[in-house]
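Secondary and tertiary structure notes
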Amino acid sequence: MPHGEATVLTELPTAGDGADLQSETVQPPDDGYTDVLGNQRLWKKTLVEGRGRDSRPQSGDQVTLKLEASLPDGTPVESESGLIISIGEYDHIQALDIAVLLMELDEQCSLVTSARYAYGYSAEVKTSTGVVIPPGSVLHCTVTLVSVDDPIDYASLGPVESLRIADKKRERGNELFNREDFAGAVNCYGRAAKILEEHCQDEPGVSEARVRVYNNLAATQVKISAYDAAIASCDSVLGLQPDNIKAHFRKGKSLVSKGDLINGLRSLRSALERDPDSRLVQNEVAKATLELKRQQAANTAMYKKMLGLRDGPDNGGRGRQQQQQQVSWIRRHAWLLGAAASVLLSVTLAGAAYRFNS
(Lines give C-alpha, C1' and ligand atoms only; values in the text may rest on other atoms or scores of the structure.)
Protein backbone atom coordinates (compact mmCIF):
# COMPACT_ATOMS: atom_id res chain seq x y z
CA MET A 1 0.00 0.00 0.00
CA PRO A 2 1.46 3.39 -0.94
CA HIS A 3 2.86 5.44 1.91
CA GLY A 4 3.02 8.76 0.07
CA GLU A 5 0.56 10.80 -1.94
CA ALA A 6 -1.62 9.60 -4.78
CA THR A 7 0.11 10.63 -8.01
CA VAL A 8 -1.40 13.56 -9.88
CA LEU A 9 -1.51 11.44 -13.03
CA THR A 10 -3.78 8.82 -11.51
CA GLU A 11 -7.41 9.42 -10.63
CA LEU A 12 -9.49 6.74 -8.96
CA PRO A 13 -13.03 6.18 -10.28
CA THR A 14 -15.83 7.90 -8.45
CA ALA A 15 -17.12 5.74 -5.64
CA GLY A 16 -20.57 4.22 -5.79
CA ASP A 17 -22.47 2.29 -3.20
CA GLY A 18 -20.71 -0.87 -4.33
CA ALA A 19 -23.83 -2.95 -3.79
CA ASP A 20 -27.54 -2.38 -3.80
CA LEU A 21 -29.06 -1.74 -0.39
CA GLN A 22 -30.91 -5.05 -0.19
CA SER A 23 -27.81 -7.16 -0.87
CA GLU A 24 -26.01 -5.32 1.93
CA THR A 25 -28.30 -6.67 4.62
CA VAL A 26 -27.00 -9.64 6.61
CA GLN A 27 -28.63 -12.08 8.97
CA PRO A 28 -27.14 -13.31 12.26
CA PRO A 29 -26.46 -17.03 12.67
CA ASP A 30 -28.92 -17.49 15.55
CA ASP A 31 -31.30 -15.72 17.93
CA GLY A 32 -30.28 -13.20 20.55
CA TYR A 33 -28.65 -10.63 18.26
CA THR A 34 -29.60 -6.94 18.32
CA ASP A 35 -29.84 -4.92 15.11
CA VAL A 36 -27.49 -2.11 16.21
CA LEU A 37 -28.37 0.48 13.56
CA GLY A 38 -31.82 -0.74 12.58
CA ASN A 39 -30.74 -1.43 9.00
CA GLN A 40 -29.85 -5.16 9.27
CA ARG A 41 -26.19 -4.49 8.49
CA LEU A 42 -24.62 -4.69 11.93
CA TRP A 43 -25.72 -7.18 14.61
CA LYS A 44 -24.47 -7.55 18.19
CA LYS A 45 -24.95 -10.32 20.75
CA THR A 46 -23.54 -10.25 24.29
CA LEU A 47 -21.68 -13.46 25.15
CA VAL A 48 -20.21 -12.43 28.53
CA GLU A 49 -21.74 -9.63 30.62
CA GLY A 50 -19.60 -6.60 31.48
CA ARG A 51 -19.32 -4.34 34.51
CA GLY A 52 -22.39 -2.21 33.82
CA ARG A 53 -23.40 0.75 31.67
CA ASP A 54 -21.21 3.18 33.62
CA SER A 55 -18.13 1.35 32.34
CA ARG A 56 -18.92 1.99 28.68
CA PRO A 57 -16.37 4.04 26.74
CA GLN A 58 -17.06 7.34 25.01
CA SER A 59 -16.13 8.62 21.58
CA GLY A 60 -12.43 9.52 21.46
CA ASP A 61 -11.44 7.16 24.30
CA GLN A 62 -8.58 4.76 23.73
CA VAL A 63 -9.70 1.18 24.18
CA THR A 64 -7.87 -2.11 24.17
CA LEU A 65 -9.71 -4.98 22.52
CA LYS A 66 -9.31 -8.67 22.05
CA LEU A 67 -10.50 -9.40 18.52
CA GLU A 68 -11.11 -12.60 16.59
CA ALA A 69 -12.48 -12.09 13.08
CA SER A 70 -13.40 -14.55 10.35
CA LEU A 71 -15.28 -14.85 7.09
CA PRO A 72 -18.70 -16.59 7.06
CA ASP A 73 -17.09 -19.86 5.94
CA GLY A 74 -14.88 -19.84 9.04
CA THR A 75 -11.69 -18.60 7.37
CA PRO A 76 -9.73 -16.68 10.05
CA VAL A 77 -9.08 -13.06 9.13
CA GLU A 78 -7.55 -11.52 12.22
CA SER A 79 -6.56 -12.44 15.77
CA GLU A 80 -5.47 -9.62 18.10
CA SER A 81 -5.15 -9.89 21.87
CA GLY A 82 -4.20 -6.24 22.43
CA LEU A 83 -5.72 -4.14 19.64
CA ILE A 84 -5.67 -0.45 20.64
CA ILE A 85 -7.96 2.02 18.85
CA SER A 86 -9.31 5.51 19.46
CA ILE A 87 -13.07 5.24 19.11
CA GLY A 88 -14.46 7.23 16.20
CA GLU A 89 -11.15 7.79 14.42
CA TYR A 90 -11.34 4.97 11.86
CA ASP A 91 -8.32 3.18 13.31
CA HIS A 92 -9.92 -0.16 12.39
CA ILE A 93 -13.15 -1.32 10.75
CA GLN A 94 -16.08 1.00 11.36
CA ALA A 95 -18.10 -1.78 12.98
CA LEU A 96 -15.80 -1.53 16.00
CA ASP A 97 -16.20 2.25 16.26
CA ILE A 98 -19.95 1.76 16.37
CA ALA A 99 -20.35 -1.38 18.47
CA VAL A 100 -17.71 -0.73 21.14
CA LEU A 101 -19.66 2.33 22.29
CA LEU A 102 -22.39 -0.11 23.35
CA MET A 103 -20.03 -2.47 25.18
CA GLU A 104 -19.23 -2.58 28.87
CA LEU A 105 -15.78 -3.14 30.33
CA ASP A 106 -14.90 -6.88 30.33
CA GLU A 107 -17.88 -7.62 28.08
CA GLN A 108 -17.44 -10.14 25.29
CA CYS A 109 -19.76 -9.95 22.31
CA SER A 110 -20.32 -11.39 18.87
CA LEU A 111 -20.63 -9.04 15.90
CA VAL A 112 -21.89 -9.76 12.40
CA THR A 113 -21.29 -6.89 9.99
CA SER A 114 -21.89 -6.21 6.32
CA ALA A 115 -18.99 -5.12 4.15
CA ARG A 116 -20.11 -1.50 4.49
CA TYR A 117 -18.83 -1.42 8.07
CA ALA A 118 -15.96 -3.83 7.45
CA TYR A 119 -13.69 -3.92 4.38
CA GLY A 120 -15.93 -2.43 1.72
CA TYR A 121 -16.98 -3.40 -1.79
CA SER A 122 -14.40 -1.88 -4.11
CA ALA A 123 -11.47 -4.29 -3.98
CA GLU A 124 -10.04 -7.25 -2.13
CA VAL A 125 -8.03 -6.49 1.00
CA LYS A 126 -4.94 -8.38 2.12
CA THR A 127 -4.43 -8.45 5.87
CA SER A 128 -1.08 -8.29 7.65
CA THR A 129 -1.30 -12.06 8.11
CA GLY A 130 -1.68 -12.62 4.35
CA VAL A 131 -5.39 -13.46 4.35
CA VAL A 132 -7.22 -12.08 1.31
CA ILE A 133 -10.67 -10.66 2.04
CA PRO A 134 -12.84 -10.57 -1.10
CA PRO A 135 -14.80 -7.38 -1.81
CA GLY A 136 -18.28 -7.35 -0.28
CA SER A 137 -17.38 -9.85 2.46
CA VAL A 138 -19.53 -10.21 5.57
CA LEU A 139 -17.40 -10.38 8.72
CA HIS A 140 -17.98 -12.33 11.95
CA CYS A 141 -16.15 -10.99 15.01
CA THR A 142 -15.77 -11.91 18.65
CA VAL A 143 -14.77 -8.82 20.63
CA THR A 144 -13.77 -8.36 24.27
CA LEU A 145 -13.43 -4.88 25.78
CA VAL A 146 -10.25 -5.25 27.85
CA SER A 147 -9.61 -1.67 29.00
CA VAL A 148 -10.81 1.92 28.56
CA ASP A 149 -8.46 4.91 28.75
CA ASP A 150 -8.80 8.64 28.22
CA PRO A 151 -8.23 10.15 24.76
CA ILE A 152 -4.62 10.61 23.69
CA ASP A 153 -2.99 13.63 25.31
CA TYR A 154 -0.78 14.83 22.48
CA ALA A 155 0.62 17.70 24.53
CA SER A 156 2.20 15.22 26.93
CA LEU A 157 3.44 12.91 24.17
CA GLY A 158 5.76 15.45 22.58
CA PRO A 159 6.26 16.30 18.89
CA VAL A 160 8.19 13.18 17.86
CA GLU A 161 5.52 10.72 18.99
CA SER A 162 2.73 13.01 17.77
CA LEU A 163 4.37 13.10 14.32
CA ARG A 164 4.52 9.30 14.30
CA ILE A 165 0.82 9.02 15.14
CA ALA A 166 -0.08 11.62 12.51
CA ASP A 167 1.80 9.65 9.86
CA LYS A 168 0.04 6.46 10.93
CA LYS A 169 -3.32 8.18 10.49
CA ARG A 170 -2.26 9.40 7.05
CA GLU A 171 -1.38 5.83 6.06
CA ARG A 172 -4.74 4.68 7.34
CA GLY A 173 -6.34 7.40 5.21
CA ASN A 174 -4.49 6.01 2.18
CA GLU A 175 -5.95 2.57 2.88
CA LEU A 176 -9.47 3.95 3.05
CA PHE A 177 -8.95 6.10 -0.07
CA ASN A 178 -7.85 3.06 -2.06
CA ARG A 179 -10.90 1.25 -0.72
CA GLU A 180 -13.03 4.20 -1.91
CA ASP A 181 -14.18 4.93 1.64
CA PHE A 182 -13.74 8.65 1.10
CA ALA A 183 -15.61 9.74 4.22
CA GLY A 184 -13.26 7.63 6.34
CA ALA A 185 -10.23 8.91 4.45
CA VAL A 186 -11.24 12.54 5.04
CA ASN A 187 -11.61 11.74 8.74
CA CYS A 188 -8.12 10.22 8.95
CA TYR A 189 -6.37 12.92 6.91
CA GLY A 190 -8.19 15.60 8.89
CA ARG A 191 -7.08 14.11 12.20
CA ALA A 192 -3.50 13.86 10.92
CA ALA A 193 -3.55 17.49 9.80
CA LYS A 194 -4.88 18.64 13.17
CA ILE A 195 -2.15 16.77 15.04
CA LEU A 196 0.55 18.21 12.79
CA GLU A 197 -0.76 21.77 13.10
CA GLU A 198 -1.26 21.72 16.85
CA HIS A 199 1.49 19.48 18.21
CA CYS A 200 4.35 19.18 15.70
CA GLN A 201 5.06 22.70 14.54
CA ASP A 202 8.80 22.76 15.26
CA GLU A 203 9.61 19.12 14.57
CA PRO A 204 12.02 18.44 11.63
CA GLY A 205 10.15 16.98 8.67
CA VAL A 206 6.76 18.34 9.72
CA SER A 207 6.54 20.62 6.67
CA GLU A 208 6.85 17.66 4.29
CA ALA A 209 4.37 15.69 6.39
CA ARG A 210 1.84 18.51 6.18
CA VAL A 211 2.25 18.70 2.41
CA ARG A 212 1.54 14.97 2.07
CA VAL A 213 -1.49 15.10 4.33
CA TYR A 214 -3.08 18.20 2.79
CA ASN A 215 -2.48 16.95 -0.75
CA ASN A 216 -4.14 13.65 0.06
CA LEU A 217 -6.94 15.45 1.87
CA ALA A 218 -7.53 17.66 -1.19
CA ALA A 219 -7.63 14.63 -3.50
CA THR A 220 -10.28 13.03 -1.29
CA GLN A 221 -12.32 16.23 -0.97
CA VAL A 222 -12.40 16.49 -4.77
CA LYS A 223 -13.81 12.94 -4.87
CA ILE A 224 -16.77 13.94 -2.68
CA SER A 225 -17.25 17.29 -4.49
CA ALA A 226 -16.23 19.31 -1.41
CA TYR A 227 -14.55 21.86 -3.67
CA ASP A 228 -14.25 24.77 -1.23
CA ALA A 229 -12.58 22.50 1.31
CA ALA A 230 -10.30 21.08 -1.40
CA ILE A 231 -9.23 24.58 -2.43
CA ALA A 232 -8.41 25.41 1.19
CA SER A 233 -6.34 22.22 1.48
CA CYS A 234 -4.48 23.07 -1.73
CA ASP A 235 -3.79 26.57 -0.43
CA SER A 236 -2.27 25.00 2.69
CA VAL A 237 0.08 23.02 0.46
CA LEU A 238 0.97 26.00 -1.72
CA GLY A 239 1.74 28.06 1.37
CA LEU A 240 4.43 25.49 2.12
CA GLN A 241 5.47 24.54 -1.43
CA PRO A 242 4.45 27.16 -4.03
CA ASP A 243 5.57 24.92 -6.90
CA ASN A 244 3.62 21.82 -5.84
CA ILE A 245 2.10 20.41 -9.03
CA LYS A 246 -0.61 18.35 -7.36
CA ALA A 247 -1.89 21.29 -5.36
CA HIS A 248 -2.07 23.55 -8.44
CA PHE A 249 -3.84 20.79 -10.39
CA ARG A 250 -6.41 19.96 -7.71
CA LYS A 251 -7.08 23.61 -6.95
CA GLY A 252 -7.63 24.27 -10.64
CA LYS A 253 -9.92 21.29 -11.01
CA SER A 254 -11.94 22.38 -7.96
CA LEU A 255 -12.29 25.96 -9.20
CA VAL A 256 -13.43 24.76 -12.63
CA SER A 257 -15.96 22.45 -11.00
CA LYS A 258 -17.29 25.43 -9.03
CA GLY A 259 -17.72 27.37 -12.29
CA ASP A 260 -14.73 29.69 -11.79
CA LEU A 261 -13.16 28.90 -15.15
CA ILE A 262 -10.76 31.83 -15.33
CA ASN A 263 -9.07 31.19 -11.97
CA GLY A 264 -9.35 27.45 -12.49
CA LEU A 265 -7.50 27.69 -15.79
CA ARG A 266 -4.86 29.85 -14.14
CA SER A 267 -4.18 27.10 -11.58
CA LEU A 268 -4.30 24.34 -14.17
CA ARG A 269 -1.84 26.20 -16.39
CA SER A 270 0.43 26.64 -13.39
CA ALA A 271 0.40 22.86 -13.00
CA LEU A 272 1.07 22.41 -16.73
CA GLU A 273 4.02 24.81 -16.64
CA ARG A 274 5.59 22.63 -13.95
CA ASP A 275 4.68 19.31 -15.61
CA PRO A 276 4.26 19.98 -19.35
CA ASP A 277 4.24 16.28 -20.26
CA SER A 278 1.27 15.35 -18.07
CA ARG A 279 -1.56 14.13 -20.30
CA LEU A 280 -4.02 14.41 -17.43
CA VAL A 281 -3.23 18.08 -16.85
CA GLN A 282 -3.20 18.75 -20.60
CA ASN A 283 -6.68 17.26 -20.92
CA GLU A 284 -8.06 19.31 -18.02
CA VAL A 285 -6.60 22.51 -19.47
CA ALA A 286 -8.09 21.72 -22.89
CA LYS A 287 -11.54 20.96 -21.47
CA ALA A 288 -11.59 24.09 -19.33
CA THR A 289 -10.39 26.27 -22.25
CA LEU A 290 -13.14 24.96 -24.54
CA GLU A 291 -15.77 25.54 -21.87
CA LEU A 292 -14.54 29.11 -21.26
CA LYS A 293 -14.69 29.88 -25.00
CA ARG A 294 -18.20 28.41 -25.19
CA GLN A 295 -19.37 30.56 -22.30
CA GLN A 296 -17.75 33.69 -23.73
CA ALA A 297 -19.44 33.09 -27.10
CA ALA A 298 -22.80 32.57 -25.37
CA ASN A 299 -22.37 35.75 -23.33
CA THR A 300 -21.39 37.75 -26.41
CA ALA A 301 -24.48 36.53 -28.27
CA MET A 302 -26.69 37.41 -25.30
CA TYR A 303 -25.30 40.96 -24.96
CA LYS A 304 -25.60 41.57 -28.70
CA LYS A 305 -29.23 40.52 -28.50
CA MET A 306 -29.82 42.80 -25.50
CA LEU A 307 -28.37 45.80 -27.38
CA GLY A 308 -30.06 44.99 -30.68
CA LEU A 309 -26.74 44.59 -32.46
CA ARG A 310 -26.47 42.40 -35.51
CA ASP A 311 -23.94 41.36 -38.06
CA GLY A 312 -23.74 43.62 -41.09
CA PRO A 313 -23.48 42.45 -44.73
CA ASP A 314 -20.07 41.54 -46.01
CA ASN A 315 -19.41 44.60 -48.18
CA GLY A 316 -15.73 44.33 -48.96
CA GLY A 317 -14.89 43.35 -45.43
CA ARG A 318 -16.89 46.22 -43.97
CA GLY A 319 -19.44 43.87 -42.40
CA ARG A 320 -16.73 41.81 -40.72
CA GLN A 321 -15.06 44.96 -39.46
CA GLN A 322 -18.36 46.21 -38.04
CA GLN A 323 -18.95 42.86 -36.35
CA GLN A 324 -15.46 42.88 -34.82
CA GLN A 325 -16.02 46.39 -33.51
CA GLN A 326 -19.30 45.34 -31.95
CA VAL A 327 -17.80 42.28 -30.29
CA SER A 328 -14.81 44.29 -29.08
CA TRP A 329 -17.12 46.91 -27.57
CA ILE A 330 -19.20 44.22 -25.85
CA ARG A 331 -16.14 42.56 -24.35
CA ARG A 332 -14.75 45.87 -23.06
CA HIS A 333 -18.09 46.74 -21.46
CA ALA A 334 -19.19 43.25 -20.39
CA TRP A 335 -19.02 44.24 -16.73
CA LEU A 336 -21.35 47.18 -17.38
CA LEU A 337 -23.78 45.04 -19.34
CA GLY A 338 -23.77 42.45 -16.59
CA ALA A 339 -24.46 45.11 -13.99
CA ALA A 340 -27.27 46.55 -16.09
CA ALA A 341 -28.79 43.11 -16.49
CA SER A 342 -28.63 42.58 -12.74
CA VAL A 343 -30.29 45.92 -12.05
CA LEU A 344 -33.00 45.21 -14.61
CA LEU A 345 -33.62 41.80 -13.05
CA SER A 346 -33.77 43.30 -9.55
CA VAL A 347 -36.28 45.97 -10.64
CA THR A 348 -38.40 43.36 -12.38
CA LEU A 349 -38.42 41.10 -9.32
CA ALA A 350 -39.15 44.03 -7.02
CA GLY A 351 -42.09 45.03 -9.16
CA ALA A 352 -43.38 41.48 -9.19
CA ALA A 353 -43.05 41.27 -5.42
CA TYR A 354 -44.91 44.58 -4.98
CA ARG A 355 -47.76 43.38 -7.17
CA PHE A 356 -47.84 40.05 -5.36
CA ASN A 357 -47.97 41.66 -1.91
CA SER A 358 -50.45 44.42 -2.87
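Residues numbered from 1 in each chain as written. Predicted model: local features only at pLDDT ≥ 70, side-chain atom pairs only at ≥ 80, totals over all residues. Heavy atoms only, no water.

Within an unreviewed UniProt entry, the label attached to the chain reads peptidylprolyl isomerase, and the organism entered is Macrostomum lignano. The record in UniProt for the chain states the following under Catalytic activity (unreviewed entry): "[protein]-peptidylproline (omega=180) = [protein]-peptidylproline (omega=0)". (UniProt positions renumbered as here; feature names shortened; annotations may be inferred.)

**As for the environment of glutamine 62**
Summarising the element assignment, glutamine 62 is placed in strand β3 (residues 62-70). Sequence separation between glutamine 62 and aspartate 150 is 88 residues, and the spatial gap between their C-alpha atoms is 5.9 Å. If we ignore the near neighbours within four places in the chain, the residues touching glutamine 62 are Ile84, Ile85, Ser86, Ser147, Val148, Asp149, Asp150, Pro151 and Ile152. (Helix = DSSP H or I, 4+ residues; strand = E, 2+ residues; numbered from the N terminus. Contact = heavy atoms within 4.5 Å.)

**Re the sheet that holds β3**
Read from one edge of the open sheet, six strands run β1-β2-β5-β8-β3-β4, paired in antiparallel fashion. Of all strands in the sheet, those bounded by a partner on one side alone are β1 (34-35) and β4 (76-86). Bridging between β3 and strand β8 (residues 139-149) involves nine bridges; their strand directions are antiparallel. Paired with leucine 67 across the bridge in β8 is valine 143. (Pairing = 2+ DSSP bridges.)

**Digging into helix α5 (residues 182-199)**
For α5, spanning 18 residues, the distance from its first C-alpha to its last is 25 Å, which sits close to the expected 26 Å at 1.5 Å a residue. By the burial criterion, the buried members of α5 are Phe182, Gly184, Ala185, Cys188, Tyr189, Ala192, Ala193, Ile195 and Leu196. Projection of α5 onto a plane perpendicular to its axis shows the buried side chains occupying an angular sector of 170°, all on one side. In this structure, the buried side of α5 is in contact with α3 (154-157), α4 (159-178) and α6 (206-223). (Expected span 1.5 Å × (residues − 1). Buried < 20%, exposed > 50% of the residue type's maximum accessible area, 1.4 Å probe, protein only. Arc of directions from axis to C-beta.)

**Points about the pattern of salt bridges**
On inspection of all chains with the given rule, the structure shows 18 salt bridges. Taken together, the salt bridges that share partners define one network made up of Glu89, Asp91, Lys169 and Arg191. (Salt bridge = Lys/Arg side-chain N within 4 Å of Asp/Glu carboxyl O.)

**Details of the state of the cysteines**
Scanning all chains against the criterion turns up zero disulfides. For cysteine 141, which is in no disulfide, the shortest distance to another cysteine sulfur is to cysteine 109 and amounts to 8.7 Å. A relative accessible area of 3% places cysteine 141 in the buried class. (Disulfide = S-S within 2.5 Å.)

**Examining the side chain of aspartate 61**
Among the secondary structure elements, aspartate 61 is positioned in the loop between β2 (42-48) and β3. For the buried aspartate 61, no salt bridge is present, and the opposite-charge side chain at shortest range is arginine 191, 11 Å distant. The contact partners of aspartate 61, leaving out residues within four places of it in the chain, are Ile85, Ser86, Ile87, Val148, Asp149, Asp150 and Pro151. (Lys, Arg positive; Asp, Glu negative; His and termini not counted.)

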